[in-house]
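Close look at the chain arrangement
Each chain, letter by letter, is given below.
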Amino acid sequence: MIEARRLHILRAVADHRTVTAAAAALYLTPSAVSQQLAALEQETGHRLVERGAKGVRLTPAGEILLSHTNAVLAQLERAEAELAAYSSGAAGTVTVASFATGIALVVAPALARLAESAPGIRIRVQDAEGDASLPMVLDRQVDVAVAVEYRGAPPADDPRLTHVPLYAEPFDAVVPVAHRLADAAEVPLGELAKDPWIGPYPGNPCHDVVVMACENAGFQPRMEHSSDDFRAVVSLAAADVGVALVPRSALHGTDLTGVVVRPVDGVAPTRRVFAAVRRGAEEHPLIRPVLNALGEAARA
């Protein structure tokens with residue numbers, strides 16, 4: 001009989017590529033993870049992982065078991081959801097990880113809605129960028145992620161996750177008031193090819209959006225200054241040290257003295273925001289109201 005907790009460890013190793021990283025995500029020791037993998041190999045009668053200089057990879061037998069693992073763990077999530085519904089599930093804690101603008105735009109309003117519609121649900125919020133929040137859901141560190149589509153992100157049909165679209169917003173061009181395009185009604189990105197750029201660090205999903213937009217316009221942006229805080233990005237643009245693309249909602253409440261904000265000419269780069277939970281957990285009586293409240297806040 002294969003133990004489900006060992007399947008969860010197998011998936012963590014596949015996701016993180018090393019035993020050490022998987023152990024850290026699961027709050028286990030590397031030796032405990034290795035022992036559980038060895039026990040799983042004994043249960044299945046197959047070698048499931050191969051260790052190399054660059055980490056761990058699954059064997060063909062491991063890949064076969066992983067494909068079933070996603071379905072098994074999703075079904076267990078559904079079982080937990082139905083059992084919780086059977087026992088009413090009227091009270092409990094749900095942990096939500098979201099990037100800062102998402103907290104302000106949808107998470108905080110959703111909390112206000114839940115305080116009235118589901119007062120028994122306690123929400124704990126953690127600030128995490130979109131590329132960090134999805135692994136946190138998969139590793140069961142949080143229940144819900146509010147994340148952004150980015151290059152390399154798990155796709156919407158990923159068998160491990162259920163995606164719930166929330167909203168999409170354009171990026172606007174932010175240039176110094178003395179910039180040559182400050183008086184333009186719209187800013188063609190190609191005209192900024194030779195400018196120094198200000199933007200998020202690599203790894204931040206918004207960095208990918210900016211770089212891909214510039215690549216589509218025919219150039220690679222020269223990132224002279226980096227910050228994941230868009231208030232800092234705007235301040236640097238006001239100091240006339242570069243140009244930037246900033247999500248429109250991130251400009252709300254930001255001091256725009258010294259800069260000009262203009263829409264991008266043509267198809268604007270877009271940040272697409274969604275909520276994600278482990279597949280099968282979307283109907284859990286504690287999680288479903290949270291997803292509904294996030295959707296209502298996004299639509300409002």
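Residues numbered from 1 in each chain as written. Predicted model: local features only at pLDDT ≥ 70, side-chain atom pairs only at ≥ 80, totals over all residues. Heavy atoms only, no water.

**Some thoughts on the packing of helix 2 (residues 19-26) against helix 3 (residues 30-44)**
Stated precisely, the cut-off is as follows: Axis definition: a line fitted to C-alpha atoms, limited for helices to the stretch in contact. Angles are taken between N-to-C directions and run from 0 to 180 degrees. Strands here mean DSSP runs of E at least two residues long; helices mean DSSP runs of H or I at least four residues long; both are numbered from the N terminus. Angular relationships are summarised with four words: roughly parallel below 35 degrees, roughly antiparallel beyond 145, roughly perpendicular across 65 to 115, and oblique for the angles in between. The contact rule is simple, with two residues in contact once any of their heavy atoms fall within 4.5 Å. Polarity classes work like this: nonpolar for Ala, Val, Leu, Ile, Met, Phe, Trp, Tyr, Cys and Pro, charged for Asp, Glu, Lys and Arg, and polar for all others, with Gly in that last group.
Relative orientation of the contacting elements helix 2 and helix 3 amounts to 105°, with a least axis distance of 8 Å. With respect to helix 3, the axis of helix 2 lies roughly perpendicular. In this structure, helix 2 contributes Val19, Thr20 and Ala23 to the contact, and helix 3 contributes Pro30, Val33, Ser34 and Leu37. Taken together, the residues that form the contact of helix 2 with helix 3 break down as five nonpolar, two polar and no charged.

**Some words on unusual backbone geometry**
With glycine set apart, most residues show a phi of negative sign, and most peptide bonds adopt trans. The criterion, for reference: Relative accessibility under 20% of the residue-type maximum defines a buried residue, over 50% an exposed one, and the middle range a partly exposed one, all with a 1.4 Å probe and only protein chains included.
Positive phi is not limited to glycine here, since Arg17 has a value of about 75°. Secondary-structure assignment places Arg17 in the loop between helix 1 (4-16) and helix 2. When its relative accessible area of 54% is taken as the criterion, Arg17 is described as exposed. For Arg140, which is not glycine, the phi torsion reads 65° and is therefore positive.

**A few points about the pairing of strand 1 (residues 49-52)**
Just so we agree on the cut-off: Criterion used throughout: strands pair if DSSP finds at least two bridges between them.
Of the pairings in the sheet, the one linking strand 1 to strand 2 (residues 55-58) comprises four bridges and is antiparallel in character. Each bridged residue has a counterpart across the sheet, and for Val49 the counterpart in strand 2 is Leu58. Connecting strand 1 to the antiparallel partner strand 2 that follows it, the hairpin turn spans two residues.

**A look at the UniProt feature "domain: HTH lysR-type" (unreviewed entry) in the chain**
Cut-off, in case you're wondering: UniProt positions are given in the numbering used here, feature names are shortened, and annotations may be inferred rather than shown by experiment.
Cross-referencing UniProt, the feature "domain: HTH lysR-type" (unreviewed entry) maps to residues 2-59 in the present numbering. For residues 2-59, the helix share is 62%, the strand share is 14%, and the end-to-end C-alpha distance is 18 Å.

**Side note on the pattern of salt bridges**
Rule in force here: Any Lys or Arg side-chain nitrogen found within 4 Å of a carboxyl oxygen on Asp or Glu counts as a salt bridge.
Applying the stated criterion across every chain, the model contains 16 salt bridges. Ionic pairing is found between Glu77 and Arg140, a salt bridge with its closest N-O pair at 2.6 Å. Within this pair, whereas Glu77 is found in helix 4 (residues 60-86), its partner Arg140 is found in the loop between helix 6 (130-138) and strand 5 (144-148), the two being separated by 63 residues in sequence. According to the relative accessible area criterion, Glu77 is buried, its value standing at 7%. Residue classification places Arg140 among the partly exposed positions, given a relative accessible area of 41%. Here Asp229 makes a salt bridge to Arg231, at a shortest N to O gap of 3.1 Å. Put simply, Glu3, Arg5, Arg6 and Glu43 are held in one network by salt bridges that share partners.

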